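Understanding the architecture of this molecule
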Amino acid sequence: MKPTFFLTTPIYYPNARPHVGSAYTTIVCDVLARYKRMCGYDVAFLTGTDEHGEKLERAAAAAGQSPHDFVAEKRKLFVALWEKLGIPVQIYPESDKDFLRFIYTDHPDHVRSVQRLLIRARENGYIDSHRYEGRYCVFDERYVSDSTDPVNCDICGRPAELISEDNYFFKLSAFEQHLLDLYERRPDFVQPDYRMNEVKSFVKSGLRDISVSRSRLKWGIPWPGDPNQVFYVWYDALTSYMTGIGYAQGENGSPQFQRYWRNQPGESELVHMLGKDILRFHAIYWPAFIMAAYPGQPEMLPTTIFAHGWIYYKQDKMSKSKGNVVYPEPIVEALDSFGAPGNDALRYYLLREAPFGQDTSFSYDGLIQRYNSDLANGLGNLASRTLAMVVRNCDGIVPNVAELNKKVPGLWEAPEAQAGRERFVRDIALAYEKFELSIVTERIAGLVAHYGDEFMAAHKPWEHTKDPNQKWLVDGVLYIALEAVRAAAVLAHPILPAATRRIWAQLGCAEYLGRIDEQRIDELKWGALRPGTRIGNPEPIFPRLDKAAALARLEEYAEADRSRNNVKEAAKSVETEPTKPSETSNAPASQPAKAEAVPAAPAQAPSAEPAKISIEDFAKVEMRSGEIKAAERIPGATKLLKLQVDIGTEIRQVCAGIAEYYEPGKLIGMKVVIVANLQPRKMRGVESNGMIVAASIGDQGRPVLVTFGEDVPNGARLK
Ligand code: MSP
């Protein structure tokens, strides 16, 4: 039986139209789902909408609709978007393979599923009821903070009232040790590894029991046995992953549930992909909710929780109210209007720009540049020039490599040549396996460059087309180049499904090799093209874009889309965005913004001679070399970056005031100097455990990071 792979994206709040940032998670998962299918897995892939809670209730009221009707209408936007992005959808309970399954939490099966999970946890003694005290905004009818400390509502600004009510609590504190044991036993449970460190230190700092019901909220799932309470939205939302695969159907879930919801190494994997903002809900609450319902059944836990970074636009996380939102539809349409495959171009660009897991910035400029350099000049050019030469010089028939093998076996048949080619495939598959999707794109571009410009330039088949004595060379070189096109198309298919399908048709190999999505990436062998068979009609796949014209068209389409949908632009934007539920509390975060804390740049030398210190004083400062493993912006802080620095013995989290001068993605892998024995402190609520050493240049104190002239191991002491 085929191994199973069950992949989920978060379910989206349907109150806002999805933008490029929210589409990102689903696009990435579509790539992974296609890849796994091409490795012989039986894949289930799920997304959906998170339809309960006060935010939706309020949006429905503002629209003059019942919450039920409101969410039913809004969910259609999501289904339409995935279809538009070339991801065919089926709405729950339909569940054919090869579709993106779509669950929504207003479905009656979901009510059963949430109640079922809860009842099991309650029977196991993990639910009790006691007094809840927190801050509630009566005006906006919303829970503002779980703490009793005075605070203003972050929407209307009025002081939130201290309320108390009887709520049901989940005994999260009972799972502290179980969670730490889980992380110890399965170090890959949370990925990337620096995210695992964040999660562990959060759990180690102590877990409080959490309220999982609400009495003042109406739009939610009824609490079993208590008509006055509804479920806390996150308990409800997380359980949708189980509902979507059939948990509510039958006594023990549907046969599909039995098949996919299992974590059995080598047999079944269960991966939750999500943005880093909702990591704690997935890596802490969710496994605890499952363990409470299914103690001693580790196969019920997911295999992997993978948190990816954010897509920024104009230096900030995309948000409609800030006016810095980019929507996918006009991008796709604008590129399509040039005859370019808009969807594929967008997918490629989103994956290519930053190491997967890190934040990345979206720009129209970058999109066009990437498209032209990697797709038009890269894969597209290799395909079209090779196919055109086959038409011109080989009557449109796949040529033979046999003569070339006799004369120069080192090019194709020799073991070194074969090993080199196989290495390309292996490395690309390995990067896919590790979800290193930017590396996948980089390596595919590398394969294309090797067999495109480099290989063709080395053998110049076009110089020998008139000489019948050199036909073996022209034929052999073209065969090898055609094979590179075929391999690149198969390897890139999960990322560029539409374009590679067209390349496949042009290679004319479907008749004897089958469809491109039926090819096995894990078993990809070179030399499958059959000499003597006819190729299809060569047509340009990735027409080169004129930058100015493309930028103008993208802006024109975005503008038309904005006016159609009444979206404000940054400068005109007036509203402020309600903050997301904070990661530590189960009520929305509500801390007023503090003045930005930036690590003090080394002071400018005062005019008087600075006091001298003794060597003993200097020795107190522990400076070490470190390597930056991850870097991301801190929301709301224009100057700060949060860095994860490997100092040999551990990964340190350090905040540095360098965001205006350093792009986070470009810092990865850089060796820096860190002051390792500073007292930890919090900046913008983020713990900083050390300081990065930088020179301070000019009046503005521009920071320039100190680095090394030669490679040094991480953790080397500076003396
Ligand atoms: N409804 C919750 C999830 C419940 S899952 C059981 C939620 N919804 S959301 O609509 O706000 O976000 C959905 C996903 O989109 C999250 O993974 C979030 O991180 C991602 N993104 C939303 N904006 C984003 C960017 N600008 N960039 C990248 N991903 C972002 O949270």
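Residues numbered from 1 in each chain as written. Predicted model: local features only at pLDDT ≥ 70, side-chain atom pairs only at ≥ 80, totals over all residues. Heavy atoms only, no water.

**Notes on the site of the ligand**
For clarity, the threshold we go by: Nearness of a residue to a molecule or strand requires only that one of the residue's heavy atoms be within 4 Å of it. Polar contact is the term for a pair of N or O atoms within 3.5 Å; when the atoms are in protein, one must be able to donate a hydrogen and the other to accept it, and sequence-neighboring residues count only if both atoms are side-chain atoms. Note on areas: Shrake-Rupley, 1.4 Å probe, and residue coverage restricted to the protein chains presented here. Segments assigned H or I by DSSP are reported as helices when at least four residues long, segments assigned E as strands when at least two residues long, and all are numbered from the N terminus.
Residues in contact with the ligand amount to 25 residues; listed here are only the nearest, Ile 11, Asp 50, Gly 275, Asp 277 and Ile 311. The separation between a nitrogen atom of the ligand and a polar main-chain atom of Gly 21 is 3.1 Å. In this structure, a nitrogen atom belonging to the ligand sits 2.7 Å away from a side-chain N or O atom of Asp 50. Compared with its free state, where it exposes 660 Å², the ligand has 95% of that area covered by protein. Of all the secondary structure elements, the ones that give two or more residues to the shell around the ligand are strand 1 (4–12), helix 1 (20–37), helix 7 (233–243) and strand 13 (268–275).

**Examining the sheet that holds strand 3 (residues 89–91)**
Condition: Strands pair, by our definition, only if DSSP identifies at least two bridges between them. Contacts were defined at the residue level, with two residues in contact if any of their heavy atoms lie within 4.5 Å. Axis lines are fitted through C-alpha atoms, for helices just across the contact stretch, and the angle between N-to-C directions can take any value from 0 to 180 degrees.
The strand order across the open sheet formed by seven strands is 3-4-2-1-13-14-8, and the pairing between neighbours is parallel. Edge positions in the sheet fall to strand 3 and strand 8 (190–191), since each has one partner strand and no second. Pairing analysis gives five bridges linking strand 1 to strand 13, with the strands arranged parallel. Bridge pairing links Thr 8 to His 272 in strand 13. Of the strands in this sheet, strand 1, strand 2 (42–49), strand 4 (100–104) and strand 13 are in contact with helix 7, which crosses strand 1 at around 145°.

**Focus on the packing of aromatic side chains**
Counted only if it meets this: Ring pairs are drawn from Phe, Tyr and Trp, using the six-membered ring of Trp, whenever the two centres fall within 6.5 Å, and their geometry is named by plane angle: stacked under 30 degrees, edge-to-face over 60, tilted for the rest. Three exposure classes are used, based on accessible area relative to the maximum for each residue type with a 1.4 Å probe and protein chains only: buried under 20%, partly exposed in between, and exposed over 50%.
Evaluation of the coordinates by the stated rule reveals 37 aromatic pairs. When the ring of Tyr 12 is compared with that of Trp 82, the centres are 5.7 Å apart and the planes differ by 45°; the resulting orientation is tilted. Taken together, the residues span a long stretch of sequence, with Tyr 12 in strand 1 and Trp 82 in helix 3 (residues 67–84) at a distance of 70 residues. For the residue pair Tyr 12 and Trp 82, the accessibility class agrees, reading buried in each case. Relative to Tyr 364, the ring of Phe 362 has its centre 5.5 Å away and its plane inclined at 85°; by these criteria the two rings are edge-to-face.

**Describing empty space enclosed by the protein**
To locate leftover empty space, one rolls a probe as large as a water molecule over the atoms. Quick reminder of the rule: In this analysis, the protein atoms alone were mapped onto a 1 Å grid. Cavities are point sets where a 1.4 Å probe fits without being able to get out; pockets are open sets with protein on both sides within 12 Å along at least five of seven lines; lining residues have an atom within 4 Å of a point. Grid points are joined across faces, edges and corners, and a volume is the space filled by probe spheres set on the points. Polarity classes work like this: nonpolar for Ala, Val, Leu, Ile, Met, Phe, Trp, Tyr, Cys and Pro, charged for Asp, Glu, Lys and Arg, and polar for all others, with Gly in that last group.
Within the structure shown, the criterion is met by one cavity of 30 Å³ or more. Around the largest cavity sit Tyr 348, Asp 374, Leu 375, Leu 379, Thr 441, Ile 444, Ala 445, Val 448, Ala 492 and Leu 496, which together line it. Each residue belonging to the lining of the largest cavity can be placed in one class, and the counts come to eight nonpolar, one polar and one charged.

**Things to note about helix 4 (residues 108–123)**
We apply this condition: Working rule for helices: expected span equals 1.5 Å times residues minus one.
For helix 4, which comprises 16 residues, the first-to-last C-alpha distance of 23 Å matches the rise-based estimate of 22 Å (1.5 Å per residue) to within 8%. All buried positions along helix 4 are accounted for by Asp 109, His 110, Ser 113, Val 114, Gln 115, Leu 117, Leu 118 and Ala 121. Next to the buried residues of helix 4 lie strand 4, strand 5 (127–137), strand 11 (222–223), strand 12 (226–231), helix 7 and helix 9 (279–293). Positive phi shows up at Gly 125, right after helix 4, with a value of about 85°.

**Description of the layout of surface pockets**
In this structure, the second largest pocket occupies an estimated 560 Å³ of space. Forming the walls of the second largest pocket are 25 residues, and the residues nearest its centre are Pro 192, Asp 193, Phe 356, Lys 434 and Glu 436. Counting only elements with at least two residues in the lining of the second largest pocket, the list comes to helix 6 (193–204), strand 13, strand 14 (304–308), helix 15 (437–459) and strand 18 (623–633). Ranked by residues supplied to the lining of the second largest pocket, first place goes to strand 18 with three residues.

**Notes on unusual backbone geometry**
The omega torsion across Tyr 92 and Pro 93 is 10°, close enough to zero to call that bond cis. The omega torsion across Gln 191 and Pro 192 is -10°, close enough to zero to call that bond cis. Looking at where Pro 192 falls in the secondary structure, it is placed in the loop between strand 8 and helix 6. With phi around 50°, Lys 314 is a residue other than glycine that occupies positive phi space. Structurally, Lys 314 can be placed in the loop between strand 15 (311–313) and strand 16 (316–317). We note that Lys 460 has phi near 40°; this positive angle belongs to a residue other than glycine. For Lys 460, a relative accessible area of 32% translates into the label partly exposed.

**As for the sheet that holds strand 17 (residues 360–362)**
Reading across the sheet, the three strands line up as 16-15-17 and stay open at both edges, with mixed pairing between neighbours. Strand pairing shows two members of the sheet lacking a second neighbour, strand 16 and strand 17, which therefore form its edges. Bridge count for strand 15 against strand 16 is two bridges, and the pairing is antiparallel. Within strand 16, the position partnered with Tyr 313 by the bridge is Asp 316.

**Regarding helix 5 (residues 176–185)**
As a reminder, the rule being used: When we speak of the arc, we mean the arc of directions from the helix axis to the C-beta atoms.
Taken together, the buried positions of helix 5 are occupied by Leu 179, Leu 180, Leu 182 and Tyr 183. When helix 5 is viewed along its axis, its buried side chains cluster within an angular range of 155° and face the same direction. Turned more than 90 degrees away from the buried face of helix 5, the exposed residues are Glu 184 and Arg 185.

**Structural notes on the pairing of strand 13**
Buried residues dominate strand 13, accounting for seven of its eight residues. When strand 13 meets strand 14, the two strands line up parallel, connected through five bridges. Each bridged residue has a counterpart across the sheet, and for His 272 the counterpart in strand 14 is Ile 305.

**A look at the confidence of the model for the protein chain**
Filter applied, for reference: Per residue, pLDDT captures the predictor's confidence, and it can take any value from 0 to 100.
Residues of the protein chain with pLDDT of at least 70 account for 94%, and the chain-wide mean is 90. Contacts of residues 569–610 to residues separated by more than four positions or lying in other chains number 92 contacts, the stretch itself having pLDDT below 50.

**Points about the nonpolar core**
Short version of the rule: Buried Ala, Val, Leu, Ile, Met, Phe, Trp, Tyr and Cys residues form a nonpolar core when they are joined through side-chain atoms within 4.5 Å.
Ranked by internal contacts, the top residues of the largest apolar core, which has 117 residues, are Trp 82, Ile 331 and Phe 362. Considering each element in turn, this core owes the most residues, 17 residues, to helix 16 (residues 471–492). Once you skip the residues sitting within four places of it in the chain, Trp 82 turns out to touch Tyr 12, Ser 22, Ala 23, Thr 26, Thr 47, Ile 87, Val 89, Leu 100 and Phe 102. In this structure, Tyr 168, Leu 180, Leu 182 and Leu 238 belong to the second largest nonpolar core, which totals 64 residues.

**Observations concerning the pattern of salt bridges**
Convention followed: The salt bridge definition used is simple: a Lys or Arg side-chain nitrogen within 4 Å of an Asp or Glu carboxyl oxygen.
Summed over all chains, the structure comprises 46 salt bridges. Between Arg 486 and Glu 483 there is a salt bridge whose closest N-O contact spans 2.8 Å. Here the residue Arg 486 and the residue Glu 483 both occupy positions in helix 16, the gap between them amounting to three residues, near one helical turn. The residues Arg 486 and Glu 483 share a single accessibility class, namely buried. Overlapping salt bridges bring together Arg 195, Glu 198, Lys 276, Asp 359, Glu 632 and Lys 642 as one network.

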